[in-house]
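Descriptive analysis of the structure
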Amino acid sequence: MSRAFREGVAKNKRVRAPVRRRNWSPVRDLQGLKARTQATGSQMGPLVEIPAMVRIENEHWVFERIEEGTLYNITHKLILHEGDQVKVIGGTTDMHTAMKVAQCMAQKENRIVMIQPV
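Residues numbered from 1 in each chain as written. Predicted model: local features only at pLDDT ≥ 70, side-chain atom pairs only at ≥ 80, totals over all residues. Heavy atoms only, no water.

Turning next to the nonpolar core. Counting 9 residues, the largest nonpolar core is built from V54, L78, L80, I89, A98, V101, A102, M105 and V113. Going through the elements one at a time, strand 3 (76-82) and helix 4 (95-109) are the ones with two or more residues in this core. Sort the elements by how many residues they give to this core and helix 4 lands first, with 4 residues. With near-sequence residues (within four places) excluded, A98 lies in contact with H76, L78, T92 and I115. (Core = buried A, V, L, I, M, F, W, Y, C linked by side-chain atoms within 4.5 Å. Buried < 20%, exposed > 50% of the residue type's maximum accessible area, 1.4 Å probe, protein only. Helix = DSSP H or I, 4+ residues; strand = E, 2+ residues; numbered from the N terminus. Contact = heavy atoms within 4.5 Å.)

Next up, the structure:
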């Protein structure tokens, strides 16, 4: 048995498997995906930045995306200051909800939220 491994396989009994090189061109191969993405993007219309709406349910914060029409009902914007940067974390439809969010952030996260009327 050791002699067989030492001498190898006879040349006429070897299996020939040529190495196939795959010619992969990502631009050509992904052209269909790119076209579908562009078509979907054009159907969706222009991008509009819509902030998240914050709800508090069972002591948990629920962030949800809102429709563009709902933006007209938003009365207060919630702003978080981080160093020199200002970050809008969402909007609410009344002052009571804005106060609850600011109070929860102060108690649980030790963060201060500025409430700004829209």
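That shown, we press on.
This paragraph deals with the confidence of the model for the chain. Here the chain shows a mean pLDDT of 78. Residues at 70 or above account for 86%. By mean pLDDT, helix 1 (residues 2-7) is the weakest element of the chain at 60, and strand 5 (residues 113-117) is the strongest at 88. (pLDDT = per-residue confidence, 0-100.)

Here H76 is to be found in strand 3. There is a polar contact of 2.8 Å between the side chain of H76 and the side chain of T75. Here H76 is in contact with G90, G91, T92, D94, M95, A98, I115, Q116, P117 and V118, once residues within four sequence places are set aside. (Polar contact = N/O pair within 3.5 Å; in protein donor to acceptor, adjacent residues only side chain to side chain.)

Once that is clear, we can look at helix 4. Taking 1.5 Å per residue as the helical rise, helix 4 with its 15 residues ought to reach 21 Å, and the 20 Å between its terminal C-alpha atoms agrees with that figure. For helix 4, the complete set of buried residues consists of A98, V101, A102, C104 and M105. Angularly, the buried residues of helix 4 cover 160 degrees about the axis, an arc narrow enough to put them on a single face. Facing away from the buried side of helix 4 by over 90 degrees, the exposed positions are H96 and Q107. Among the residues trailing helix 4, N110 stands out with phi positive, at a value near 55 degrees. (Expected span 1.5 Å × (residues − 1). Arc of directions from axis to C-beta.)

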